[in-house]
Amino acid sequence: MFNKIKSIFRSRTPPKQTVKARFDAAQTTKDNNRHWAAADHLSADQEASPEVRRTLRNRSRYEVANNSYAKGLVQMLANDTIGTGPRLQMLSNDEDFNDQIETEFMRWADAVHLPSKLRTMRMARCQDGESFAVLATNPKVKHGVKLDLMLVEADRISGELKWLEDDTSVDGISFDHWGNPTDYRVLKYHPGDIRYAPGDEAIHVPAEYMIHIFRQDRPGLHRGVPELTAALPLFAQLRRYNLAVLSAAEAAADFAAILYTDAPPNGESDEVEPMDTIPLERNMMLTVPAGWKLGQLDPKQPTANHGEFVKIILSEIARCVVTTYGTLAGDFSGHNYASGRLDNQIYHKSILVDRSFWETEVLNRIFEVWFREYALTEHLVADTPKHLWFWDGFPHVDPGKEATAQEKRLANNTTTLAAECAKDGRDYMSVLHQRAKEIKLMKELGIPITGESTAEVLTEPETNDGSEPINEDI
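First things first, this report covers the structure right here in the doc. These figures come from a predicted structure and were not determined experimentally.

## What about the packing of aromatic side chains?
Next up, step 1: One pass over the full model with this rule turns up ten aromatic pairs.
Next up, step 2: Aromatic side chains Phe-105 and Phe-367 sit 5.7 Å apart centroid to centroid with 75° between the ring planes, which places their arrangement in the edge-to-face category. One end of the pair, Phe-105, is in helix H5 (residues 95-112); the other, Phe-367, is in helix H10 (residues 337-378), with 262 residues separating them in the sequence. In this pair, the class of Phe-105 matches that of Phe-367, namely buried.
Next up, step 3: Between Phe-367 and Trp-370 the ring centres are 6.0 Å apart and the planes differ by 20°, which places this aromatic pair in the stacked class. Linking Phe-367 with Trp-370, this pair stays in helix H10, spanning three residues, or about one helical turn. Each member of the pair, Phe-367 as well as Trp-370, is classed as buried.
Next up, step 4: Within the aromatic cluster, the residues linked to one another by ring pairs are Phe-105, Trp-108, Phe-367, Trp-370, Phe-371, Tyr-374 and Trp-389.

## Examining the nonpolar core
A general feature of soluble globular proteins is that nonpolar side chains tend to end up buried together.
Next up, step 1: Core analysis: the biggest nonpolar cluster contains 32 residues, and Ile-101, Trp-108, Leu-114, Ile-211, Phe-367 and Trp-370 have the highest contact counts within it.
Next up, step 2: Secondary structure elements with two or more residues in this core: strand S1 (87-90), H5, helix H6 (114-127), strand S2 (130-137), strand S3 (147-152), strand S8 (210-214) and H10.
Next up, step 3: With ten residues, the top contributor of residues to this core is H10.
Next up, step 4: Ignoring sequence-local partners within four residues, the contact set of Leu-114 consists of Phe-105, Trp-108, Ala-109, Leu-149 and Ile-366.
Next up, step 5: Of all hydrophobic cores here, the second largest spans 25 residues; its members include Cys-126, Ala-231, Leu-232 and Ile-313.

## So, the sheet that holds S8
Next up, step 1: Taking strand neighbours across the sheet as the criterion, the three strands line up as S3-S2-S8 in an open arrangement whose pairing is antiparallel. The open sheet has two free edges, formed respectively by S3 and S8, since each of these has just one partner strand. Here the average twist between neighbouring strands, direction ignored, is 25°.
Next up, step 2: Where S2 meets S3, six bridges bridge the pair, whose relative direction is antiparallel. Counted as the bridge partner of Ala-136 is Asp-148 from S3.
Next up, step 3: Where H10 meets the sheet, its contacts fall on S2, S3 and S8, and the angle it forms with S8 comes to roughly 170°.

## A closer look at the state of the cysteines
Joining two cysteines, a disulfide is a covalent bond between their sulfur atoms.
Next up, step 1: Taken as a whole and assessed by the stated rule, the structure comprises zero disulfides.
Next up, step 2: Cys-320 supplies the cysteine sulfur nearest to Cys-126, a cysteine that is in no disulfide, at a spacing of 8.6 Å.

## Digging into the environment of Asn-79
Next up, step 1: If you trace the backbone, Asn-79 turns up in helix H4 (residues 68-81).
Next up, step 2: In the structure, Asn-79 is positioned 39 residues away from Leu-118 in sequence and 10.0 Å away in space, judged by C-alpha atoms.

## Some thoughts on the side chain of Gln-89
Next up, step 1: Looking at the element boundaries, Gln-89 is found in strand S1.
Next up, step 2: Not counting chain neighbours up to four residues away, the residues in contact with Gln-89 comprise Glu-102, His-387, Leu-388, Phe-390, Asp-427 and Tyr-428.

## Digging into a nonpolar patch on the surface
Next up, step 1: A surface patch of nonpolar side chains, about 230 Å² in accessible area, is lined by Val-322, Leu-342 and Ile-346.
Next up, step 2: Along the chain, Val-322 turns up in the loop between helix H8 (306-318) and helix H9 (325-329).
Next up, step 3: Assessed through its relative accessible area of 36%, Val-322 is described here as partly exposed.

## Quick notes on H4
For an α-helix, 3.6 residues make a turn, and residues three or four places apart therefore share a direction.
Next up, step 1: Taking 1.5 Å of rise per residue, 14 residues should cover 20 Å, and H4 covers 20 Å from first to last C-alpha, within 8% of that figure.
Next up, step 2: Within the span of H4, buried status applies to Ala-70, Leu-73, Val-74, Met-76, Leu-77, Ala-78 and Thr-81.
Next up, step 3: Following H4 by one or two positions, Gly-83 adopts a phi angle in the positive range, close to 65°.

## A look at the sheet that holds strand S7 (residues 202-206)
Next up, step 1: Strand order in the open sheet made by the four strands is S4-S5-S6-S7, with antiparallel pairing throughout. Only two strands of the sheet have a single neighbouring strand rather than two, namely strand S4 (169-170) and S7.
Next up, step 2: Relative to strand S5 (residues 173-175), S4 runs antiparallel, the two sharing two bridges. Residue pairing in the sheet places Ser-169 in a bridge with Ser-174 of S5.

The rules behind these values
Residues numbered from 1 in each chain as written. Predicted model: local features only at pLDDT ≥ 70, side-chain atom pairs only at ≥ 80, totals over all residues. Heavy atoms only, no water. Phe/Tyr/Trp six-rings, centres within 6.5 Å; stacked < 30°, edge-to-face > 60°. Helix = DSSP H or I, 4+ residues; strand = E, 2+ residues; numbered from the N terminus. Buried < 20%, exposed > 50% of the residue type's maximum accessible area, 1.4 Å probe, protein only. Core = buried A, V, L, I, M, F, W, Y, C linked by side-chain atoms within 4.5 Å. Contact = heavy atoms within 4.5 Å. Pairing = 2+ DSSP bridges. Axes fitted to C-alpha atoms, helices over the stretch in contact; angles between N-to-C directions. Disulfide = S-S within 2.5 Å. Patch = residues over 30% accessible without salt bridge, like charges linked within 9 Å, V, L, I, M, F, W, Y side chains within 5 Å. Areas by Shrake-Rupley, 256 points an atom, 1.4 Å probe, with all protein chains shown as cover. Salt bridge = Lys/Arg side-chain N within 4 Å of Asp/Glu carboxyl O. Expected span 1.5 Å × (residues − 1).

This is how it looks when you write it as structure tokens:
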């Protein structure tokens, strides 16, 4: 009987054990409970609800207005991204047509102050999270095309109080079934304006004439949050720490010296009035009461790691805009040549990506509407022609090395003059035409040209019969 039972147990196969995989980051423990307490599962639009975005905008604007690092960061992005403004280059085969369109667009851009408005939009996108501009008619524009760019602050794009009940709009922006914006509800006055009153009528602008730019960090996000959002607590910490260090240093500096004694209470020392002050004069001999010593307060401020703390905080802040400490702080004293170039290359790459975004979302739309109106005045075909945009180039820290590298690239045909000029934000056609004029004038004035001998410049080639030059060394 025992052997039978034993054989039954032997025939049984051990039960399969299920291995459960675990993610440490998904575990909630007493150690990380408080850290992850604010994590939620809200949708992109609900996470960036109107109340949340309003709070973030107000705090971001306050920090930019009162923190020099935040102010410099926002202005740096605008100056480096937009610069002196993008320049148009037409790509048709008709050079006269190209010159005409490029010249007229430049005149119009100057008339409406386009570069300045684009810089303002870039600053608003950073500190407010989004920027709006209406393509409207302005009869005061000093150009045949009366198109103008009317900037609108994000607070004025607002939906009605029941926007949550409307599944076709998100806080003032209406969408069709495919997710394309169709209409923007613009308040007549800013909510913070003295003339604003709740319930005032709003202006509805068709999406065709509204430019809305923001960084879509999540799929399904339709309104932007400030790019400085993640850095706002860091800005506050930096300001608090600097003020604490300054306050400690000032408190220590208020005391030139102190009297102290090692004697026990009621010991052998003269009585001194507690917390009494004694005025001191320079170059004077001073006696102290018996049993008392004169000492100086050791402030220990600023702390030795104060500069390192500031650098660490600024380095973390810089990542919000994909840059580095040296670029944000304007301090490359701790860098060598190679590390300084590497810092700039990281930042410049992000600027190039951002410029591509501006070309697609802003400049091409502006040019399309502008050319449509210009074509009506000049009786041209209204189809938008092919074109490119040129931006300010990034200056090289060693122009000599860059010029040598450029010369080699052109010599071995790995680049073109158009590409090299585009890096500097210049049109190669304008460069060639201008250079041709200069060379012609230099020859007329007898000025030697690099690569040519003086005799070749000053002497006209002789001919046999007035048609063929003589192949003779001069």
